[in-house]
Amino acid sequence: MTDTTRERQGSNLSQTPAVADVRLEDVVKRFDDSTAVDGISLEIPRGSFFALLGPSGCGKTTTLRMIGGFEEPTEGRIFLGDQDVVGRPPYKRDVNTVFQSYALFPHMSIEGNVAFGLERKRVPKDELKGRVAEILELVGLSGFAKRKPRQLSGGQQQRVALARALVNHPRVLLLDEPLGALDLKLRKQMQLELKRIQHEVGITFVHVTHDQEEAMTMADTIAVMSGGKIEQLGPPTELYERPATAFVAGFLGVSNLLPGTVEGADAIRLDEGTVVRAVLNGRSGQVAAGVRPEKISIGAGGGSNELPGTISETAYIGVATQVVVRTAAGTVQVFAQNMDAGGRIPAPGTNVVLSWAPESTFVVDRADSVMEEETE
Amino acid sequence: MGSFFHRHKGVTPYLLLAPGILWLAIFFLIPLAFLGYQSLQSGLFPDFQFTWEFSNFSNAIRDYHEQFARSFVYAGIATIACLVLAYPLVYWIAFRAGPWRNLFLLFIVAPFFVTYLVRTLAWLNILADEGPVVGVLRDLHVLGPDGRLLATTFAVVSGITYNFFPFMALPIYVSLEQIDPRLLEAAKDLYASSTQAFLRVTLPLSAPGIVAGTLLTFIPAAGDFINAALLGTPSQAMIGNVIQAKFLESLDYPSAASLSFLLMGSILVALLIYARIVGSERLTG
């Protein structure tokens, strides 16, 4: 499989690896009464699994549709490899799309659906048959070639949609909320499956989703979008451990944001007076200190940052116990690992000290703490 | 009442079907059987006798095969004309008209608010020798100084096309309207140009509408007599005109009945051939 995927159609075979597969330069998309995408620039390196993550209406799908050629940008440039593709219709772009509702052709067999793109490109019959069989095997649907889409389950239809796009060996595969219609269990299974397939074929995947867990499971780079702009772009661990904005901190997982003011080189004085140490990254002035719930220990000794409070609620959720603690700096959520049965979480009403390490403390702007509440 | 239906659950569907079955029996099956009985009678009005008079059928074919053939040719041309005119129009309404869709559909159906006869009479005026259309065509030398539109084959076929147009347009509209626009995006994503996407996706998915529209247009058109009577001359007479004259003017019920049966039979044969060509799957849905 890897050999065939390296074989690309057209003239763009011999590129230096330095050229990104997809490059957006200051792309803006305005509709009649709104700006869906508000100046996006990004580069997606070859072979990567890239996710555009954000709530509905953040412009992620519009961005994907512009790469696919279904929408034209109002401003800016879009490159596939070294070619500017703005103004080129979808059928002249070396990308294929897995649509949200699959959009399988209901009047054609599975085989007919998968062969559609190859037929349009006039691939010789023998080669076509081989490639269709090969890709159906890859997605585990070898025995289904003659069936019609309506005879398949949702998960199987999803695989056909994937096969139909992948069989063309596109430069880039676009996935628009590909798992949105599947139930939770199947979705988890397909997440790993998609990742395996992407490793196997080595094609660049651009994946749009509103599900942060899905993005973190599959992608090696995530662009978090909000209001038509990219909030932060980076690998999942970086986005999670070092969110750059309150929006990202709130959208990826749960975080506690404690408002305060920078004091010195590595400390923040919280509004109620406590001083916590943090990785400031050169920030100053009014900020919010952030810490993830699972980084906090109940009781002293978890790290040098300490904050006293009173337990107001606890909820046992299996892998962890969720604890809500009222402190002078605000309400703080804590996930306490259930390391051993029985549990030693103090009862509500108990006064405790919360502690965490300075390295686990990130800093975001205080002003956009408001935004987080709007989107929640 | 409710408890009755509850206790006799198996009966309920039949009770609901009963009015329809009764309707079919009284207004279709019984008259049809009577027509069959009449088609084998002989004698003169009002004294017909049942004599297994099969020569009614052979005589009908011998005397009126020309009108039969003409009916099928006219109906066929009108059906094709309807298809060619309707498809682009409803395609545009389904995919391009946006919020105005229903208004345009109303325009297609609007002529139906006027009776069939009056609509055809309107065409009589439009195509009349003193009418505006003939005048303009004569001035443009499309028609000679004595050329006419009325009383020609053109007039009759146009009338049929006009009168049955909605029967073609509406089923095609319904099948086009159900097509998910994302399928067309998918086709274009898979390297199909607009023409290829139309031929490989839109057209096959609208085929059930085309088949339904063709049947709804062709079947009544083949039996039509109003258009030929008002817009044509005896040399444009269709089989419907013959049947109408036999029933109402010469009161020759047996030959009228046998002609009716022959018309039904030949339409059925035409249908079966059509079904063979387009595939029975599409006819039955």
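Structure shown above.
Please read all numbers here as calculations on a predicted model, not as lab measurements.

Chemist: Which residues make up the side chain of Ser355(A), and what are the values?
Modeler: Position of Ser355(A) relative to the elements: it lies in strand β19 (residues 351-356). At 2.8 Å, the side chain of Ser355(A) and the backbone oxygen of Gly299(A) are in polar contact.

Chemist: Pulling in residues and values, what's your account of the sheet that holds strand β16 (residues 305-316) of chain A?
Modeler: Residues and elements named next belong to chain A. With respect to topology, five strands assemble into an open sheet ordered β15-β19-β16-β17-β18, the strand pairing being antiparallel. At either margin of the open sheet sits one strand with a lone partner, and together these are β15 (297-298) and β18 (330-337). Pairing of β15 with β19, which is carried by two bridges, proceeds in the antiparallel orientation. In the strand pairing of β19, Ile298 is matched with Leu354.

Chemist: Go over the packing of aromatic side chains, please, and point to the residues and values.
Modeler: Residues and elements named next belong to chain B. For the structure shown, the criterion picks out 23 aromatic pairs over all chains. With centroids separated by 6.3 Å and ring planes inclined at 70 degrees, the aromatic side chains of Tyr116 and Phe164 adopt a geometry described as edge-to-face. Residue Tyr116 is located in helix α5 (residues 116-127), and its partner Phe164 is located in helix α7 (residues 153-177); the two are separated by 48 residues in the primary sequence. According to the relative accessible area criterion, Tyr116 is partly exposed, its value standing at 26%. With relative accessibility at 7%, the residue Phe164 sits in the buried group. Ring centres 5.3 Å apart and planes at 50 degrees place the aromatic pair Trp123 and Tyr162 in the tilted group. Of this pair, Trp123 sits in helix α5 while Tyr162 sits in helix α7; the two residues are 39 residues apart in sequence, bridging distant segments of the chain. Overall, the relative accessible area of 27% leaves Tyr162 in the partly exposed class.

Chemist: Explain the pattern of salt bridges to me, using residue names and the numbers behind them.
Modeler: All names here are of chain A. Scanning the entire structure with this criterion turns up 29 salt bridges over all chains. Of the charged contacts, one joins Arg93 and Glu72 as a salt bridge, the two residues approaching to 3.5 Å between their closest N and O atoms. Here Arg93 is found in the loop between β5 (83-84) and β6 (95-98), whereas its partner Glu72 is found in the loop between α2 (60-68) and β4 (75-80), with 21 residues between them in sequence. Members of the salt-bridge network, linked through shared partners, are Arg23, Glu25, Arg77 and Asp84.

Chemist: I'd like a rundown of helix α6 (residues 184-201) of chain A, residues and numbers included.
Modeler: All names here are of chain A. Over its 18 residues, α6 runs 26 Å from end to end, which matches the ideal 26 Å to within 8%, given 1.5 Å per residue. The complete set of buried residues in α6 reads Arg187, Met190, Gln191, Glu193, Leu194, Ile197, Gln198 and Val201. Two residues or fewer after α6 comes Gly202, characterised by a positive phi angle close to 70 degrees.

Scoring rules and cut-offs
- Note that residues are indexed from 1 along each chain, following the sequence as it is written.
- Chains carry letters and ligands carry numbers; both start at the beginning, A for chains and 1 for ligands, and go up in the order they are written.
- For this predicted model, a pLDDT threshold of at least 70 governs which residues receive local features, and a threshold of 80 or more governs which side-chain atom pairs are given and counted, while totals over whole chains, interfaces and linings are taken from all residues.
- Here the side-chain values reflect all heavy atoms present in the structure, with hydrogen atoms and water set aside.
- Each helix corresponds to a stretch of at least 4 residues labelled H or I by DSSP, and each strand to a stretch of at least 2 residues labelled E; elements are numbered beginning at the N terminus.
- Two N or O atoms form a polar contact when they lie within 3.5 Å of each other; inside protein one atom must be a possible hydrogen donor and the other a possible acceptor, and for residues adjacent in sequence the pair counts only when both atoms belong to side chains.
- Pairing between strands is defined by DSSP: at least two bridges between the two strands are required.
- Each Phe, Tyr or Trp ring, with Trp reduced to its six-membered ring, pairs with another whose centre is within 6.5 Å; inter-plane angles below 30 degrees give stacked pairs, above 60 give edge-to-face pairs, and intermediate values give tilted ones.
- Exposure is judged per residue with a 1.4 Å probe applied to protein chains only, and the accessible area is read against the type maximum: over 50% gives exposed, under 20% gives buried, and values in between give partly exposed.
- Here, a salt bridge means any side-chain nitrogen of Lys or Arg that lies within 4 Å of a carboxyl oxygen of Asp or Glu.
- For a helix, the expected span equals 1.5 Å multiplied by the residue count minus one.

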